[in-house]
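# Fold and contact review
Now for the letters of each chain:
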Amino acid sequence: MGERIRVNRSAVNDAAAFYDGLAEFYHLIFQDWDRSMARQGDALASVIERWPGREKFLLDASCGIGTQALALALKDYTVVGSDISIGGLQRGRREARSRGVRVESVAADFRALPFRSGCADVVLACDNAIPHLLSLGEIERAITELRRCGRPGGGVIISMRDYARMPPGTIEARPYGEREWKGRRYAAEQEWVWKGPTYDLTIRFRSLGEGADDSIEFTTTYFAVPIEEVMQVMSSAGLADVERLDGEFYQPLLVGSVP
């Protein structure tokens, strides 16, 4: 019999469990993880350089397995990462060692970061991390922490999906395509089940080929918060010159400066 692994969600408290389970499979989301990593590093570096000054010290507050943190470290930035997922951090450390780069990382919730105020030139929370928080109040807590960790004259970069909410009960299938890993072929896909202002996201890897009946899947909940509302929270949290950048990254970037 094939193996079915499922990580159920319980609001944001299970974001750690979701990414712990997904950590060893996360690269299968990408057709070529290393190439995607390089593209993301190039895109983020061009935005980071809008804050001129000394050699950049970056804090990636949702580093996961290192897609953005590793890419920026490979571009000679000094990067420290934090994430709620121990599994993600462990894989990220292995990936850093295999690439010969140094990315220090700690386990932390970005609503309560264990870093001194003003420690980083630029603070990042990319790859739709902020909508794991299921209320504007919780989002404000996180963005206030991102701002606190940024030095005066530095910046904050957030990337997130541009949501169009769907009627409750709507199911959307979003295929990634076929992947090969450890001698096996998988169909990688997302499934969104809308519940109003939130939706359940399942990332699934189905084995392909004769006799294959495996399905590995991980589920969590997101808040389909409008970008405009997050930008308002960024401003109310004390960030200046808040703006949305389209066409720079694979998701819209929301940027603000620390006064």
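Note that the structure is predicted; figures quoted are calculated from it, not measured. (Residues numbered from 1 in each chain as written. Predicted model: local features only at pLDDT ≥ 70, side-chain atom pairs only at ≥ 80, totals over all residues. Heavy atoms only, no water.)

## Focus on the layout of surface pockets
Definition in use: Both cavities and pockets are sets of points on a 1 Å grid over the protein atoms alone; in a cavity a 1.4 Å probe fits but cannot get out, in a pocket the set is open with protein on both sides within 12 Å along at least five of seven lines, and lining residues sit with an atom within 4 Å of a point. Grid points are joined across faces, edges and corners, and a volume is the space filled by probe spheres set on the points. Per the convention used, a helix needs a DSSP run of H or I reaching at least four residues, while a strand needs a run of E reaching at least two, with both numbered from the N terminus. For this classification, the nonpolar set comprises Ala, Val, Leu, Ile, Met, Phe, Trp, Tyr, Cys and Pro, the charged set comprises Asp, Glu, Lys and Arg, and every other residue, Gly included, is treated as polar.
In this model, the largest pocket occupies a volume close to 460 Å³. For the largest pocket, the lining is made up of 23 residues, of which Ile 29, Phe 30, Asp 127, Tyr 176 and Tyr 250 are closest to its centre. Sorting the residues of the lining of the largest pocket by element identifies helix 1 (15–22), helix 2 (33–48), strand 7 (171–181) and strand 9 (198–208) as the ones contributing at least two each. Top element by residues in the lining of the largest pocket is helix 2. It accounts for 4 residues. When the residues that make up the lining of the largest pocket are grouped by side-chain class, the tally is 12 nonpolar, 6 polar and 5 charged.

## Section: the sheet that holds strand 4 (residues 103–107)
This is how the line gets drawn: Here a strand pair is declared whenever DSSP counts at least two bridges between the two strands. The angle between two axes is taken between their N-to-C directions and runs from 0 to 180 degrees, where each axis is a line fitted to C-alpha atoms and a helix contributes only its stretch in contact. In this description, contact between two residues means that some pair of their heavy atoms is separated by no more than 4.5 Å.
Taken in spatial order, the 7 strands of this open sheet run 4-3-2-5-6-12-11, and their pairing is mixed. Each end of this open sheet is capped by a strand with a single partner; those strands are strand 4 and strand 11 (240–245). The mean angle between the axes of side-by-side strands here comes to 15°, regardless of whether they run parallel or antiparallel. The pairing of strand 2 (residues 57–60) with strand 5 (residues 120–125) spans 3 bridges and is classified as parallel. Bridging from a neighbouring strand, Asp 60 pairs with Leu 124 of strand 5. In the packing of helix 4 (residues 86–99) onto the sheet, contacts are made with strand 3 (78–83) and strand 4, and the angle to strand 4 comes to roughly 165°. Sitting on the sheet, helix 6 (residues 227–236) touches strand 6 (150–159), strand 11 and strand 12 (253–257), and the angle it makes with strand 11 is about 160°.

## Topic: the pattern of salt bridges
Note the cut-off: By convention in these notes, a salt bridge is any Lys or Arg side-chain nitrogen within 4 Å of a carboxyl oxygen on Asp or Glu. With a 1.4 Å probe rolled over the protein chains alone, any residue whose accessible area is under 20% of its type maximum counts as buried; one over 50% counts as exposed, and the rest are partly exposed.
For the structure shown, the criterion picks out 22 salt bridges. We note a salt bridge from Asp 162 to Arg 244, for which the minimum N-O separation is 2.8 Å. Of this pair, Asp 162 sits in the loop between strand 6 and strand 7 while Arg 244 sits in strand 11, placing them 82 residues apart in sequence. We classify Arg 244 as partly exposed; its relative accessible area is 27%. With a shortest N-O distance of 2.8 Å, Arg 204 and Glu 217 are connected by a salt bridge.

## Structural notes on the packing of aromatic side chains
As a reminder, the rule being used: Whether two aromatic rings pair depends on their centres lying within 6.5 Å, for rings of Phe, Tyr and Trp, where Trp uses its six-membered ring; planes under 30 degrees apart make the pair stacked, over 60 edge-to-face, and the rest tilted. Note on criteria: charge over ring means Lys NZ or Arg CZ within 6 Å of the ring centre, with the direction from the centre no more than 35 degrees off the ring normal.
Following the criterion strictly, the structure yields 12 aromatic pairs and no others. Consider the rings of Phe 25 and Phe 218, whose centres lie 5.8 Å apart with planes at 40°: the pair is tilted. With a gap of 193 residues between them, Phe 25 in the loop between helix 1 and helix 2 and Phe 218 in strand 10 (residues 215–223) connect regions that are remote in the sequence. Classification of Phe 218 by relative accessible area gives buried; the value is 1%. When the ring of Phe 249 is compared with that of Tyr 250, the centres are 4.8 Å apart and the planes differ by 45°; the resulting orientation is tilted. Phe 249 gets classed as buried once you look at its relative accessible area, which sits at 10%. An aromatic cluster is defined as three or more aromatic residues linked by ring pairs; in this entry it consists of Tyr 163, Trp 192, Trp 194, Tyr 199 and Tyr 222. The cationic tip of Arg 91 hangs over the ring face of Trp 33; the distance from NZ or CZ to the ring centre is 5.4 Å. The ring of Trp 192 is capped by Arg 174, whose NZ or CZ atom sits 3.6 Å from the centre of that ring.

## Quick look at the side chain of Glu 217
The test is simple: Pairing of N or O atoms within 3.5 Å defines a polar contact, subject to two protein rules: one partner must be a possible hydrogen donor and the other a possible acceptor, and residues neighboring in sequence count only if both atoms are side-chain atoms.
For Glu 217, the location among the structural elements is in strand 10. Given the relative accessible area of 5%, Glu 217 is considered buried. Of note is the side chain of Glu 217, whose polar atom sits 2.8 Å from the side chain of Arg 204.

## A closer look at the pairing of strand 2
This is how the line gets drawn: Note on handedness: a crossover is taken as right-handed if, strands pointing away from the viewer, the path from the first strand over the helix to the second is clockwise.
Bridge count between strand 2 and strand 3: 4 bridges; the pairing is parallel. The partner of Asp 60 across the bridge, within strand 3, is Gly 81. Of the crossover connections in this fold, the one passing from strand 2 over helix 3 (residues 67–73) to the parallel strand 3 is right-handed.

## Examining helix 5 (residues 136–149)
The following threshold applies: Expected span of a helix, by definition, is 1.5 Å for each gap between consecutive residues, and there is one gap fewer than residues. Read the arc as the range of directions from the helix axis to the C-beta atoms.
With 14 residues, helix 5 extends 20 Å between its outermost C-alpha atoms, agreeing within 8% with the 20 Å of an ideal straight helix rising 1.5 Å per residue. All of the buried residues along helix 5 are Ile 139, Ala 142, Ile 143, Glu 145, Leu 146 and Cys 149. One side of helix 5 carries all its buried residues, which in axial view fall inside an arc of 155°.

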